[in-house]
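Understanding the architecture of this molecule
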Amino acid sequence: MAIERSGDLILSQGTYVLVQEGTTGQVEVVTGPYKFSLGDTDKPVVYDRETRRFTPTSLESAIKVCPAADEGQYLVLTNPSIEDSGLKHPTKGKLSSVELTMGRKVNVQGPTIFPLFPGQVADVIDGHQLKSNEYLLIRVYNEKEAKENLKNAVVKTVEGSPESNSHKDGKLFEEKEIRTGNLLIIKGTDVSFYMPPTGIEVLEENDKYTRNAVTLERLEYCILLDQNGGKRYVKGPDVVFPKPTEVFIENKGQKIFRAVELNENMGIYIKVIADYSEEGRDYKAGEELFITGNEQKIYFPRAEHALIKYGDESI
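First, a word on what this report is: a plain description of the structure on this page. What you are looking at is a predicted structure, and each value in this text was computed from that prediction instead of being measured.

Residues Ile-138, Ile-178, Ile-186, Tyr-194 and Ile-200 are the most contacted members of the largest nonpolar core, which totals 22 residues. Of all the secondary-structure elements, those providing two or more residues to this core are strand 10 (73-78), strand 16 (134-140), strand 18 (183-187), strand 19 (191-195) and strand 20 (200-202). Looking at which element gives the most residues to this core, the answer is strand 19, with 4 residues. Beyond its immediate sequence surroundings of up to four residues, Tyr-194 is in contact with Gly-127, His-128, Leu-136, Ile-138, Ala-153, Val-154, Val-155, Leu-172, Ile-186, Ile-200 and Val-202.

Here is the structure:
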């Protein structure tokens, strides 16, 4: 793009600018390649997604590059147009704003590039590549659109995984699981690449979309806490994926714990806090157990056990 003289601008292809008319306040979009002149009362503006207002700026700062998604990427278009299922975009030249569906989002898979109408926002996101020890946490934000667009999801399943047999037409989940607000897990052991359809979003954690599962070796375990207060203990060797409502319990930043190894001169005092059965024996809540190295060389904690300490000593 280049400024020929005061108020004159040549836009190259792949760029656009928003201009507010000084007489009516109407904001228009000008898309390149195109040459135009600003009126005396016209002001170049940019759209602030936080305040949802148009802010005056310099002409150079107002010129924007069209959002573009390459192959393997997708665009999340916020405030799409009412026409063409939200996929109506400005064409070359100067156009007035169109009616938008404020607050709605549309996922557009690449490769694609297009300018934005006044009031629209687009974020480019890389398709989600998963290793076998990674997972995605996704949320259904629009049940109706998610069900209609489920077949448009991009899902590359892992050869030989259970999902590789059941997956068809992008339908990674059962229709009954698609409910507004529902959280779902996509495991790297089942899926190696994923792009969500409209109605579903991948949630971020610490500016990353992929999350790490916990890999346990022998004599290791981890604890998962559910939203209902229940705990789940998992022993290694295993790759542990949480349920959508679970989080890993950490101690000093560590999610992996070591089993307690006992010798003949060591013991651990346990109170049973919930009824359970093991190896043909029934254990009742309130019962106390003293486990020594003579009986059990390696002890793994479980949800039905609580540790009784003598002062600061547990063993």
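Moving on, we get to the packing of aromatic side chains. Each pair of aromatic rings is reported with the distance of its centres and the angle of its planes. The tally for this structure, following the rule as stated, stands at 7 aromatic pairs. Aromatic side chains Tyr-47 and Phe-54 sit 5.2 Å apart centroid to centroid with 50° between the ring planes, which places their arrangement in the tilted category. Aromatic pair Tyr-221 and Tyr-233: ring centres 6.5 Å apart, planes at 25°, arrangement stacked. Within this pair, whereas Tyr-221 is found in strand 23 (residues 220-226), its partner Tyr-233 is found in strand 24 (residues 231-235), the two being separated by 12 residues in sequence. What makes Tyr-221 buried here is its relative accessible area of 11%. Using a relative accessible area of 25% as the deciding quantity, one classes Tyr-233 as partly exposed. Each member of the aromatic cluster is reached from another via a ring pair, and the members are Tyr-221, Tyr-233, Phe-257 and Phe-300. Above the ring of Tyr-141, the side-chain terminus of Lys-105 is found at 4.7 Å from the ring centroid.

Ordered in space as 12-10-14, the 3 strands form an open sheet in which the pairing is antiparallel. At either margin of the open sheet sits one strand with a lone partner, and together these are strand 12 (105-109) and strand 14 (121-126). With direction set aside, neighbouring strand axes in the sheet form an average angle of 25°. Of the pairings in the sheet, the one linking strand 10 to strand 14 comprises 6 bridges and is antiparallel in character. Pairing of Thr-78 across the sheet is with Val-121, part of strand 14.

Quick notes on the rules
Residues numbered from 1 in each chain as written. Predicted model: local features only at pLDDT ≥ 70, side-chain atom pairs only at ≥ 80, totals over all residues. Heavy atoms only, no water. Core = buried A, V, L, I, M, F, W, Y, C linked by side-chain atoms within 4.5 Å. Buried < 20%, exposed > 50% of the residue type's maximum accessible area, 1.4 Å probe, protein only. Helix = DSSP H or I, 4+ residues; strand = E, 2+ residues; numbered from the N terminus. Contact = heavy atoms within 4.5 Å. Phe/Tyr/Trp six-rings, centres within 6.5 Å; stacked < 30°, edge-to-face > 60°. Lys NZ or Arg CZ within 6 Å of the ring centre and 35° of its normal. Pairing = 2+ DSSP bridges. Axes fitted to C-alpha atoms, helices over the stretch in contact; angles between N-to-C directions.

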